[in-house]
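Understanding the architecture of this molecule
Given next are the chains, with one letter for each unit.
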Amino acid sequence: MPLSLAEFHTLTGLLSKLLYTQHPPVIIPGEAILGIEAVAAGIAAPGRTFVNVVTGPYGRLFGQWLERGGSAVVEVKVPFDEVATTGVIASAIEQYQPDALSFVHAEVVTGGSNPAQDIFKLAQKYKLITVSDSVSAVGGEALNVDEWGVDFAVIGAQKALAGPNGVSAVSISPRGWEFLESNPAAPRNSILSLLDLKPSPDGAAPLRVPPNIPTLEARALIAALTQVEEEGLQQVIKRHERAAASAVAGITALGLDPWQKDFRHYSTLTTTVRINGKEGLQINQPIGIVAPGDGELFGQLLRINHFGANASRNSVEKAIAALAQLLEQEPGEALQAVREVWGE
């Protein structure tokens, strides 16, 4: 059966609660990369300047899409084993006087998490439109859209929310809609058109479910969001924090170093391990939730993907045992470190 209006309202309501926003998000009929590109296509235009923070490959891609739309893009790039600081971002804002600021909230590829709340606060100071790729962060970290002044936040369900990857969402503030509508180059009659999906300005309920929303994926997302609500978002976040802390304790006990340099900015979704020439850690295929680095990070790091259902002590223990086997070490001490930090 097709998705009903009641189901559609349930979905947008659950997403609004998740993001702490009064404004229903736009449902994107595909994986979250579609929403990210749709945001770029909708807001990019000649005469607009963006400060785009690059702490991983997705930030770089977003900047390329902005440039494709004719925008001037100021790239604030840091090494991929670090995250952005508000000082560096503020300097770029002062120098280039942009219209908007964009960044990736949490980098599962690099295991780092940018200081999102501080970045949004900085953007508010300069009255900038804000764009956040929070696909990985949502459910593993806080994202208080209305309170933090987030104009565009793209989210996906396949990471911390333990949901499907065939449907996603974009949260858009009233100011964000104005920014979109003031762009004559924003797509219309296109899969990349956010304007075609805009809710009624008077808050009236739509007369029908927006077209192209995949029914099975939408229902799977409702189920995942309902489960998050039942567990409690704060508990879900706490579970991810414990998984990250225990994974770091485990790799440290094995004599390994985290890829990210600053412990204050470790992602709650992935723990990345610096290979440092250790031949045993050179893998080509995932082993459970342990995966090789992506793209240019292949051979430099390993990822422990402890998100969603794998944000558990059992999953972290299996990952640490797998690393111990690669290193030809006994896992006992490292597993004990995991258990002590997990606290059960």
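These lines cover the structure that appears in this document, whether it is placed above or below. Please read all numbers here as calculations on a predicted model, not as lab measurements.

1. Regarding the sheet that holds strand 2 (residues 49-54)
- The strand order across the open sheet formed by 7 strands is 1-9-8-7-4-2-3, and the pairing between neighbours is mixed. Two strands bound the open sheet, and with one partner strand each, they are strand 1 (26-28) and strand 3 (72-77). Ignoring strand direction, the axes of neighbouring strands in this sheet form an average angle of 20°.
- In this structure, strand 2 lies alongside strand 3, joined through 6 bridges in parallel fashion. For Asn-52, the partnering residue across the bridge sits in strand 3 and is Glu-75.
- Contacting strand 1, strand 8 (152-155) and strand 9 (168-172), helix 1 (residues 5-19) crosses the sheet at an angle of about 105° to strand 1.

2. Structural notes on helix 5 (residues 116-125)
- Of the positions making up helix 5, those classed as buried are Ala-116, Ile-119, Phe-120, Leu-122 and Ala-123. End-on, the buried residues of helix 5 take up no more than an arc of 160°, which puts them together on one face. Those residues of helix 5 that are exposed and angled more than 90 degrees off the buried face are Lys-121 and Lys-125.
- Along its buried surface, helix 5 packs onto helix 4 (86-96), strand 4 (100-104), strand 7 (129-133) and helix 6 (145-148).
- Looking at the residues trailing helix 5, positive phi occurs at Lys-127, about 60°.

3. Observations concerning the pattern of salt bridges
- Taken as a whole and assessed by the stated rule, the structure comprises 15 salt bridges.
- Glu-37 is the partner of Arg-68 in a salt bridge, and the nearest nitrogen-oxygen pair spans 2.9 Å. Of this pair, Arg-68 sits in helix 3 (residues 57-68) while Glu-37 is found in helix 2 (residues 32-43), placing the two residues 31 residues apart along the sequence.
- Taking the shortest distance from any N to any O, the salt bridge between Arg-303 and Asp-294 comes out at 2.8 Å.
- On the basis of relative accessible area, Arg-303 is assigned to the buried category, the value being 8%.
- Residue class for Asp-294 comes out partly exposed when judged on its relative accessible area of 37%.
- The structure contains a network of salt bridges with shared partners spanning Asp-81, Glu-82, Lys-261 and Arg-274.

4. Notes on the packing of helix 9 (residues 233-253) against helix 10 (residues 313-326)
- For the pair helix 9 and helix 10, interaxial distance at closest approach is 10 Å and the crossing angle is 20°. Classified by the angle their axes make, helix 9 and helix 10 are roughly parallel. The two elements helix 9 and helix 10 meet at a crossing, and its hand is right-handed. Contacts between helix 9 and helix 10 pair Ala-243, Ser-246, Ala-247, Gly-250 and Ile-251 from the former with Val-316, Ile-320 and Leu-323 from the latter.

Reading the values: the criteria
Residues numbered from 1 in each chain as written. Predicted model: local features only at pLDDT ≥ 70, side-chain atom pairs only at ≥ 80, totals over all residues. Heavy atoms only, no water. Pairing = 2+ DSSP bridges. Helix = DSSP H or I, 4+ residues; strand = E, 2+ residues; numbered from the N terminus. Axes fitted to C-alpha atoms, helices over the stretch in contact; angles between N-to-C directions. Contact = heavy atoms within 4.5 Å. Buried < 20%, exposed > 50% of the residue type's maximum accessible area, 1.4 Å probe, protein only. Arc of directions from axis to C-beta. Salt bridge = Lys/Arg side-chain N within 4 Å of Asp/Glu carboxyl O. Parallel < 35°, antiparallel > 145°, perpendicular 65-115°, else oblique. Left-handed = near helix turned anticlockwise from the far one by under 90°.

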